[in-house]
2 protein chains.
Amino acid sequence: MIRERLNALKTQMRQQNIDVYYLNTSDYHLSEYVPEYFKTVAWFSGFTGSLATLLVTLKDTYIFVDGRYYLQADQQCLKYGIKVIKLGMEGALEPLAFLKANYPGAVVGLDGKRTSIRFAKELLKQGNQIRSIDLYSSLIQNRAPLSRSKIYEIDNSYAGLSRLRKVKLIAHCLRDMVHVVNNLESIAYLLNLRGDDITYTPVFLAYMVLQDEDVYLFCDLERFDADLLEKLYADGIIIRPYDSYYEFLKTIEKRKVVLDEHKVNYESYLALSQGNNAFYDRRSIIEDMKSIKNPIEQENIRMAHIYDGIAELRFLMWLDSIDKSTVSECDCARKINSLRMEVGAKDLSFASIVAYNENAAIPHYFPEEGKCAMLDNHGILLFDTGGQYLEGTTDITRTVALGEVDEEVKKYFTLVLKSMLALSELKFMSGLNGKQIDIVARQELWAHGVDYRHGTGHGVGNYLAVHEGPPNIRYGSTDSRNEEVELKPGMVFSDEPGVYFVGRFGIRCENLLLCQKDEENEYGQFLSFETLTMVPFDLNLIDRDYLDEKSINALNRYHQKVYDALAPFITEEERAYLKEKTQAI
Amino acid sequence: MIRERLNALKTQMRQQNIDVYYLNTSDYHLSEYVPEYFKTVAWFSGFTGSLATLLVTLKDTYIFVDGRYYLQADQQCLKYGIKVIKLGMEGALEPLAFLKANYPGAVVGLDGKRTSIRFAKELLKQGNQIRSIDLYSSLIQNRAPLSRSKIYEIDNSYAGLSRLRKVKLIAHCLRDMVHVVNNLESIAYLLNLRGDDITYTPVFLAYMVLQDEDVYLFCDLERFDADLLEKLYADGIIIRPYDSYYEFLKTIEKRKVVLDEHKVNYESYLALSQGNNAFYDRRSIIEDMKSIKNPIEQENIRMAHIYDGIAELRFLMWLDSIDKSTVSECDCARKINSLRMEVGAKDLSFASIVAYNENAAIPHYFPEEGKCAMLDNHGILLFDTGGQYLEGTTDITRTVALGEVDEEVKKYFTLVLKSMLALSELKFMSGLNGKQIDIVARQELWAHGVDYRHGTGHGVGNYLAVHEGPPNIRYGSTDSRNEEVELKPGMVFSDEPGVYFVGRFGIRCENLLLCQKDEENEYGQFLSFETLTMVPFDLNLIDRDYLDEKSINALNRYHQKVYDALAPFITEEERAYLKEKTQAI
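Residues numbered from 1 in each chain as written. Chains lettered and ligands numbered in written order. Predicted model: local features only at pLDDT ≥ 70, side-chain atom pairs only at ≥ 80, totals over all residues. Heavy atoms only, no water.

(A) Summary view of the overall build of chain A. Each helix and strand in chain A was counted, giving 18 helices and 28 strands. Dimensions along the principal axes, computed over C-alpha positions, put chain A at roughly 70 × 55 × 45 Å. Within the span of chain A, comprising 585 residues, buried residues form 62% of the whole. Counted over contacts in chain A with a minimum sequence separation of 6, partners at least 24 positions apart contribute 68%. Element-wise, carbon and sulfur atoms account for 48% of the exposed surface of chain A, whose accessible area totals about 23100 Å². (Helix = DSSP H or I, 4+ residues; strand = E, 2+ residues; numbered from the N terminus. Buried < 20%, exposed > 50% of the residue type's maximum accessible area, 1.4 Å probe, protein only. Contact = heavy atoms within 4.5 Å. Areas by Shrake-Rupley, 256 points an atom, 1.4 Å probe, with all protein chains shown as cover.)

Quick look at the structure:
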C-alpha cells in the first residue's frame, strides 16, 4: 500500500519534472507540535512518529529521523524499501547536506507552506532548484480535516495587558514596517486569544499581518462566537478568511517587510516577492514581548504552580501508598494526568514522561501502553510532566525512590539536585545571556566527569508552548537564529540538569524559575531567580556527603517555601504528609 | 609653545584642505606599548600619558583620555586651550562618534600607518573623508630616533618549534593566500626572534608578508648579527629594508590577501588596493598558533614561574622583616623589580603596580616617585608585577597584610581568593569560550553584591606581550574582532578577580593558569587548569567563615605545590619561611 502511494507520488513528480520531493512533519506555521491534518509523512512512509523528513526520489525514498525514532522507523519503514537515515549517527547527513552531497543541482519539489524561508534559501544557495508545489494532498484519502476548534479569549486579568495595548506597543516599534507573522504562539499571545487546534499547546491556526497600525488576522469567522467577534472588531482587528492570506500578501507592494526567515514559510516569501518589497530578516518583537511576563502574568503563574504542586503532592502520596509492583509507567502517567486535570489544568503541557530505572536514561522516552515497564518496590522513578492552566504553563521533573536504592544512585541524585539548586540560587549581573550562566548548573557534574546532553533550561510560555524561545540556558547554540538573548526580569526558565547512564538509570531534577531584579548598586543591576515550582524533592535519595552547607540551606529554604505555599490549600492529612516531606535536613 | 606647535599644524592643515587632523599614541604596528619615537601626541598637547587621541580642528583642539588620565590631561592640556574629553563619563563620545556628531562629512587627515584599516573604514562609512598624510613629523624637533635595537634569536630549546617548521605550518594553511602582518608579536613569534624596541615587550619593529611559501621580513639588515643573518637566509627568510614595505605591497597584484583589519594599518591597505587584490578580513592564524603553547614552551614556562616565585618569596621575606613605615610604594616596586632581575628576568613584563590600601582601589594605579604613598604597619598592600624571562612571561598579584587589618578586609580577601581558586579548580567540557566560564570566578562575589570592572583573565604571551590575544576570560565583549575564542589546551590565562572600594581599599589575587586536557570519556573531552604561579597567599588575611571545604582543600593543595616547587631552589632560611607561609589551614 505504502509502495503504491509512493509510486503515485513519483508519477506526479515525473509529470512535473521534479527530481526529489521533500515532505516534512511541519504545519503551515512551522510549529513544534502540529494538528492531525499535517501528519502526511505517515501516509507515504508508514512512520507515525512526531518528527521526520521524507525525501522521495524517482528511484529511492529516504526517511530522516533522530535518536528516539531509530527503532520505530526501522520497524515501520524498512519493509517498504524506505531507507532510514539516522541523524546523530556517524556519517548521517541532515536533509539539506544530504541533498547537496547526493543530488547536487536537483530540482526539489516541496510544499512552500510547510518549509521556512531560511530552509528554501539554503537549498537555493547550495545549487538546488525549488518547485513549491503540493503533490501529496490530492493523493491522501480520508485525511483528518484541518482543525477548526472554537477560539476563545484570555481575560485581561490573566493576560495583564489588553490586546489593544499590546498591538499599540508593537505598532509603535514597527513604524512604517509591515510585519508578517506565521507563528501561532505569537498570534495567540498578541491577541489574547487561544484555541485547541494542537495538542498540548492552546493555539489556533491563523496568519497575521501588522501594517500601518492595522492588524489583519487570517482565520475563518465561524470559529469565533459573536460576542468575541464584536470585541475584536471594536479593537480594530480585521479578520479575513484563512485561505485568503497568500492573496493578501500579493497586494503588499514596495514596503519594508520584517519577518523571521526561520518562522515564516517560503510560500509567504514567494507571495511577497511579487510586490517589490524589501525584506528584513529579524526575530519578531512579539516574541521578545511574550518572553517577558508582566506582573499580572507573574502573579497568575505563581498560582498555576500551587495548583500543580497540589497535583504532584497527591501523586507522591498515592505512589507512597501503593505496592509499586502492581502498577506500570502508564498507570502512573494516567494517575498524575488525572490529578492534574482535577486541580484545574485545561490540558497537559506535553506528553507525560514516566520512566523507571534504565528507561529514564533513554533520551525522549515516554511510556506507551503495552510496551511500558512495570514498577517495583526498589529503584527510582523519574516523572517529567506539566499542565496547561489558564494561569500559566508548568513543567516539572522529580526523581523518587520506590524502595531501596544503590549508594551510587543517591550520589548522583544529590549531585543533580545540588546542580539544580546552584542555578536557582544564582545572583548575577544583568546583561548576561543563557550561554554565560549554563555552567553554573554543570560545574559540579563536570567535576565528577559527567555531563547531560541537553540544555539546562528552556523558556516557558504563559498558557502557551512549554518550550518557548527565544531565551534559553544552554552552552551550545542558543536558538535557530543563533542569537544570544539577554536574560531579563520576567522571563521564565526551566532548570533541569540530569545524569543518564544507559542501561542503568537516569536522574533529572527540574524546577521552573522566574528571573527577577535583585539589588541595584554601584556595580549595576543584579538579577536572581524566584523558584516557581512547589514540589518537594525526595529526601530518601540524598547523600549528605555530596552537599555543602550552602546547598543544604538552599534545599531547606526551598522546602519551607513549598510547605508554606501549599499548606493553606490542602487537607490535614496532606499537610502532615507534606510537613514530613519538607522537613529540614 | 604648544600653542605655536598647534598653529603650525593648522597651517599645514589649511594648505592641504584638511578640516580635522587625527593623531594617536599608536605606532606603525598598532602596538599596546610603543617606542619613544611615537610619543608625538605629547609634542602637540603637552600630554605625556601612554594612551590618548588628539583631534585638531582649525578652531579647537580636543584630547580624548580614559579614567586613569582625567586629572593628568586637565593639568597638562587645559592651559593650552585644549579641550579634554573624558571617555567613560556621561555623554563623552569616542573619537569616531565625536567626529560623526560634530564634524559630519569633514575631511579628516591622519597618518594611515598609525590607524587600523577598520578604523579608517568606519570613518569612511560614517561619511567622513580621509587624507592619509603625515603632517606632524616635519614639525617635531629633537625627536627620539626610531628604535633599532639588536635583534636576537630564541633557541629552539625555548621556542619548541623551529621557525622553519612554524613557517611551513602557516604556509600550509595559507595555500594561495598572501598574508600581511603588521603585529610585532606575531612576527617575533613566527620567526623565533626578539628585540628591545619596546619597553616590557621584547619585540622589534618590522613588517612581514607571507606569500607562496616565502617570508618577506621588512627590517633593516644592520640590526642582525652576521651569524643570525646566515641562519635566516638558510631558512629562506627574505629580508628587505623596513622602509621598502609599502612599495613592496604595491607589487602584489590580483591576489587573495588575508589580513586582520584591526591589526594592519590603513596605509598597507591603500598600497595593496592599487593591485586589484581581493581582501579577506580574518584574525591571523599566527595568533592562534601563538596562543597555544607547545609542550617545550610549557616546560619552560613552568621554570619561569619557579624563578618568579623565588623573587616574590624574597620580596615577602623582606617586607616581613622591615618597619613598613620607613618605605614607600616606590621603594617596594624597586625592591621587587631588582629581586626579579636577580633571578634572571630580562625585563619586567609591565610597570610594577604597588598600591597601599585605598591606592589599590584606583584603576590602573601605579606608584610614581615623589607622589606615591608611604606604607605603615597596618592595612594591606597589593602588588601586581611580572617579569620577562627567556623561559616565559609572568604576571602575578598578591595582596598582603602589613599588620592589623579590619574584619571586612579579611572577608573580602577571602571571597576574592575563593573566587580565584574556583576558576583554577574548574573542570569543564571542551568547546567552551572565555565568556562561558567567566562567571565561575564571579558568582561568589556577585552573591555578596560586588563585582570587578575588569576581565577575569587575559591571555599571556611566551616571552612576549603580557596581554596576549585572542583568547581571554571575561563577560563583556571578548576581543577587538568580537569573536569568541574556544579555550584550548596549551593556552595560558591570568585568573585575577578583585574587589575595589574607592577611598578605602582594593584587593586582587592573580595566578596564571595553563589550560590542559583532563579526562576524556563518553561525554567528550574535559579540560582543566594547571596553576603556573608559585607564590603563597597571605594566611593572615583569611577568614575561614567565608571558605568552604572545597576551597580550603584547594588552597592547601596549592600551598603544598608551591612549597614542593620552590624548596629545591632556595636557602634553608627561605625554606623555613616558605614552610610556615604554606602551612595547611
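Additional details are given in the paragraphs that follow.
(B) Quick peek at the sheet that holds strand S18 (residues 387–389) of chain B. Residue and element names in this part refer to chain B. Pairing in this open sheet of three strands is antiparallel, and the strands run S15-S18-S19 from one edge to the other. Only two strands of the sheet have a single partner each, and these edge strands are strand S15 (347–348) and strand S19 (392–393). Direction of pairing for S15 relative to S18: antiparallel, over a ladder of two bridges. Residue pairing across strands places aspartate 347 opposite glutamine 388, the latter belonging to S18. (Pairing = 2+ DSSP bridges.)

(C) Region of interest: the environment of histidine 172 of chain A. Its place among the elements puts histidine 172 of chain A in helix H7 (residues 163–174). In this structure the C-alpha to C-alpha distance between histidine 172 of chain A and aspartate 212 of chain A, which are 40 residues apart in sequence, comes to 9.7 Å.

(D) Quick peek at the relation of the copies chain B and chain A. Once turned by 180° and shifted 0.0 Å along the axis, chain B lies on chain A with an RMSD of 0.1 Å. Expressed as an axis order, the relation between the two copies is that of a two-fold axis. Taking the C-alpha atom as reference, chain B places glutamine 436 of chain B closest to the rotation axis, 2.2 Å from it. Of all interface residues in chain B, 96% are interface residues in chain A too; the two copies therefore contact each other through one and the same surface. (Least-squares fit on C-alpha atoms with pLDDT ≥ 70 in both.)

(E) Representation of the interface of chain B and chain A. Opposite the 28 residues of chain B that make contact, chain A presents 28 residues. Buried area between chain B and chain A, both sides added, is near 2500 Å², and the carbon and sulfur share of it is 53%. Of all residues in chain B, Gln436, Trp446 and Tyr523 of chain B give up the largest surface area on contact with chain A, accounting jointly for 25% of the area buried on that side. Here chain B and chain A share zero salt bridges between them. Counting the contacts that link chain B with chain A gives six residue pairs in polar contact (both at pLDDT 80 or more). Elements supplying a minimum of two residues to the side of chain B that touches chain A: strand S21 (427–429), helix H16 (434–447), strand S25 (498–501) and strand S27 (511–521) of chain B. A total of nine residues in the side of chain B that touches chain A trace back to one element, the largest contributor, which is H16 of chain B. Of the residues belonging to the side of chain B that touches chain A, the class tally is 15 nonpolar, four polar and nine charged. (Buried area = accessible area lost by both parts, 1.4 Å probe. Salt bridge = Lys/Arg side-chain N within 4 Å of Asp/Glu carboxyl O. Polar contact = N/O pair within 3.5 Å; in protein donor to acceptor, adjacent residues only side chain to side chain. Nonpolar A, V, L, I, M, F, W, Y, C, P; charged D, E, K, R; others polar.)

(F) Structural detail: the state of the cysteines. Applying the stated criterion across every chain, the model contains zero disulfides over all chains. Note on cysteine 509 of chain B: no disulfide assigned, nearest cysteine sulfur contributed by cysteine 332 of chain B at a separation of 18 Å. (Disulfide = S-S within 2.5 Å.)

(G) Representation of the pattern of salt bridges within the structure. Residue and element names in this part refer to chain A. If you walk through the whole model with that rule in mind, you get 90 salt bridges over all chains. Across the pair glutamate 369 and arginine 334 runs a salt bridge whose closest N-O atoms are separated by 2.1 Å. Here the residue glutamate 369 occupies a position in the loop between strand S16 (353–356) and strand S17 (380–385), and arginine 334 occupies one in helix H14 (residues 329–342), the gap between them amounting to 35 residues. Judged by its relative accessible area of 53%, glutamate 369 falls in the exposed class.

(H) Spatial organisation of the pairing of strand S1 (residues 20–24) of chain A. Residues and elements named next belong to chain A. Of all the five residues making up S1, five are buried; the element is thus mostly covered by neighbouring parts of the structure. Of the two faces of S1, the one holding Val20, Tyr22 and Asn24 and the one holding Tyr21 and Leu23 are both buried throughout. Pairing of S1 with strand S5 (residues 107–110), which is carried by three bridges, proceeds in the parallel orientation. Bridge pairing in S5 places tyrosine 22 opposite leucine 110. Relative to strand S2 (residues 53–57), S1 runs antiparallel, the two sharing five bridges. Residue pairing for S2: tyrosine 22 is matched across the bridge by leucine 55.

(I) Expanded view of the pairing of strand S10 (residues 207–211) of chain A. Residues and elements named next belong to chain A. The element S10 is largely enclosed, with a buried count of five among its five residues. Pairing analysis gives three bridges linking strand S8 (residues 177–181) to S10, with the strands arranged antiparallel. Looking across to S10, one finds that histidine 179 is bridged to leucine 210. In this sheet, strand S11 (residues 214–218) lies alongside S10 in antiparallel orientation, the contact comprising five bridges. Looking at S11, one finds that valine 209 is bridged to tyrosine 216.

(J) Looking closely at the sheet that holds strand S20 (residues 396–401) of chain B. Residue and element names in this part refer to chain B. With respect to topology, three strands assemble into an open sheet ordered S16-S17-S20, the strand pairing being antiparallel. Strands at the two margins of the open sheet, each flanked by one partner only, are strand S16 (353–356) and S20. Put simply, the sheet's adjacent strands are angled 10° from each other on average, direction ignored. Of the strand pairs in this sheet, strand S17 (residues 380–385) and S20 are connected by six bridges, and their pairing is antiparallel. Considered in S20, the bridge of aspartate 384 is made with threonine 397. (Axes fitted to C-alpha atoms, helices over the stretch in contact; angles between N-to-C directions.)

(K) Highlighting the packing of aromatic side chains. By the definition in use, this model includes 50 aromatic pairs over all chains. Measuring from ring centre to ring centre gives 4.5 Å for tyrosine 216 of chain B and phenylalanine 248 of chain B, while their planes differ by 40°; the resulting arrangement is tilted. Separated by 32 residues along the polypeptide, tyrosine 216 of chain B in strand S11 (residues 214–218) and phenylalanine 248 of chain B in helix H10 (residues 245–249) bring together distant segments of the chain. With a relative accessible area of 9%, phenylalanine 248 of chain B lands in the buried category. Joined through ring pairs, the aromatic side chains of Tyr207, Tyr216, Phe218, Tyr242, Tyr245, Tyr246 and Phe248 of chain A make up one cluster. Of note, lysine 427 of chain A hangs over the ring of phenylalanine 526 of chain A, and the distance from its end group to the ring centre comes to 5.2 Å. When the ring centre of phenylalanine 537 of chain B is taken as reference, the NZ or CZ atom of arginine 398 of chain B above it lies at 3.8 Å. (Phe/Tyr/Trp six-rings, centres within 6.5 Å; stacked < 30°, edge-to-face > 60°. Lys NZ or Arg CZ within 6 Å of the ring centre and 35° of its normal.)

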